[in-house]
Amino acid sequence: MSLSSYFVTHSSITPVLTRRKLSYLLTAALLTTSIAGCSNSTSAPADSSLASSVDSSSVSVSADSDAAVVQALQANFDASGIEETIVSAVPTDMQDIYWVSAEGLPSFFTDKAGKHIIQGQIIAVGDAQPIDISAALMANTASEALKTVDKQDMVIYPATGTTKAVVYAFTDADCGYCRKLHAEMSDINARGIEVRYLAWPRSQESVPKMEAVWCSEDRNAAMNQAKMGANIQGPSCVNPVSEQMALGARLGVRGTPAIFTESGQQVGGYLPADQLAQAIEASL
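Residues numbered from 1 in each chain as written. Predicted model: local features only at pLDDT ≥ 70, side-chain atom pairs only at ≥ 80, totals over all residues. Heavy atoms only, no water.

A. Geometry of the pattern of salt bridges. Taken as a whole and assessed by the stated rule, the structure comprises six salt bridges. Asp187 is the partner of Arg191 in a salt bridge, and the nearest nitrogen-oxygen pair spans 3.0 Å. Judged by relative accessible area, which is 33%, Arg191 ranks as partly exposed. One network of salt bridges, with partners in common, ties together Asp174, Arg179 and Lys209. (Salt bridge = Lys/Arg side-chain N within 4 Å of Asp/Glu carboxyl O. Buried < 20%, exposed > 50% of the residue type's maximum accessible area, 1.4 Å probe, protein only.)

Pasting the structure below:
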């Protein structure tokens, strides 16, 4: 049984959460603003089995992870028929609350006993300004995960002249907003922004197109053609598309483009070049 035969009781209603539904709920909790982009027709990527099949050995484990919490939460997942593997559980500023990384799911909070999945923001008050500790944790998770991606496994559009900033963009060949972003690539690069594309096909039909781009001898040229609607054909090869889909699932991506800074903050969605530059600057 996959994630999950897991019941949430509310009044007299007891809905069953499938893997896709729980993944959707965890992902939706991360999105607090409207982002211009192409959503999936379902709540999971094109092939959810690919997106959740990443080996835990490829996921960074924090040195601060509490092994006892990981073990307790994993046991509770197993008892409830949830197949995902818990990778780490890091203590937060809130007593006995932990930040959890798991294969194929966006990160979430749990209690010390590993009995509850906790969604949404945790905001610390009492200082001069309220502090959203969940935002910082999500950004750190994304930053550390994106650092593990080999540059050779991305399609990169370098900045013109001095590189002032780097962004990672999960993209799809068939997404209209992705094509709008790509049409402004020269302007984006001219502003000193390097764009590193990662694959995020939103439908099963888009998977072969994205794999063909990544298997092309000139990936940039193939990507340019794909963004103009060409049906890209390429030789079969070992490619990182499924791994990047899994990475996106762990970072809460559920639409394209999904743009992250090097610090792990998601700044878009589609944004025109000038607004993207402003958003990046504001995130620094």
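From this point on, the discussion continues.
B. Representation of the packing of aromatic side chains in the model. As enumerated under the stated definition, the model contains six aromatic pairs in all. A centroid spacing of 5.7 Å and a plane angle of 75° characterise the contact between Tyr157 and Tyr197, whose relative ring orientation is edge-to-face. Here Tyr157 is found in strand β10 (residues 155-157), whereas its partner Tyr197 is found in strand β12 (residues 193-199), with 40 residues between them in sequence. Judged by its relative accessible area of 8%, Tyr157 is buried. The buried category is assigned to Tyr197, whose relative accessible area is 0%. Cluster of aromatic residues (ring-pair linked, three or more members): Phe170, Trp200 and Phe260. In this structure, Lys227 packs its charged tip against the face of Tyr197, placed 5.0 Å from the ring centre. (Phe/Tyr/Trp six-rings, centres within 6.5 Å; stacked < 30°, edge-to-face > 60°. Helix = DSSP H or I, 4+ residues; strand = E, 2+ residues; numbered from the N terminus. Lys NZ or Arg CZ within 6 Å of the ring centre and 35° of its normal.)

C. The pairing of strand β11 (residues 165-171), seen in detail. In terms of burial, β11 is largely enclosed, as seven of its seven residues are buried. Residues Ala165, Val167, Ala169 and Thr171 line one face of β11 and the alternating positions Val166, Tyr168 and Phe170 line the opposite face, and both faces are buried. As defined by bridge partners, β11 adjoins β12 across seven bridges and the pair is classed as parallel. By the bridge assignment, Ala165 is partnered in β12 with Ile193. Bridge analysis of β11 against strand β14 (residues 258-261) gives four bridges, and the strand direction is antiparallel. (Pairing = 2+ DSSP bridges.)

D. Structural view of the environment of Asp150. Looking at the element boundaries, Asp150 is found in the loop between α4 (133-147) and β10. Residues Asp150 and Pro240, spaced 90 residues apart in sequence, show a C-alpha to C-alpha distance of 9.9 Å. Here Gln152 takes part through its backbone nitrogen, which lies 2.9 Å from a polar atom of the side chain of Asp150. (Polar contact = N/O pair within 3.5 Å; in protein donor to acceptor, adjacent residues only side chain to side chain.)

E. Local environment of the pairing of β14. Residues Ala258 and Phe260 of β14 are buried on one face, and the alternating residues Ile259 and Thr261, pointing to the opposite face, are buried as well. Sheet topology places β14 next to strand β15 (residues 266-268); two bridges connect them, and they run antiparallel. Residue Ile259 lies in a different strand from β15, and its bridge partner there is Gly268. The hairpin turn running from β14 into β15, its antiparallel successor, is four residues long, and Gly264 in that turn takes a positive phi close to 95°.

F. Region of the structure containing the confidence of the model for the protein. In this model, the protein carries an average pLDDT of 83, and 80% of its residues clear a pLDDT of 70 or more. Scored below 50 in pLDDT, residues 27-34 makes 14 contacts in the model with residues more than four places away or belonging to other chains. Predicted confidence for residues 47-58 stays below pLDDT 50, and this span has 21 contacts to residues more than four positions away or in other chains. (pLDDT = per-residue confidence, 0-100. Contact = heavy atoms within 4.5 Å.)

G. Representation of the sheet that holds β15 within the structure. Judged by pairing direction, the sheet is mixed, and its five strands sit side by side in the order β10-β12-β11-β14-β15 without closing on themselves. Because the sheet does not close on itself, it has two edges, and the strands there are β10 and β15. With direction set aside, neighbouring strand axes in the sheet form an average angle of 30°. Packed on one face of the sheet, helix α8 (residues 219-227) meets β10, β11 and β12 and runs near 85° to β10. (Axes fitted to C-alpha atoms, helices over the stretch in contact; angles between N-to-C directions.)

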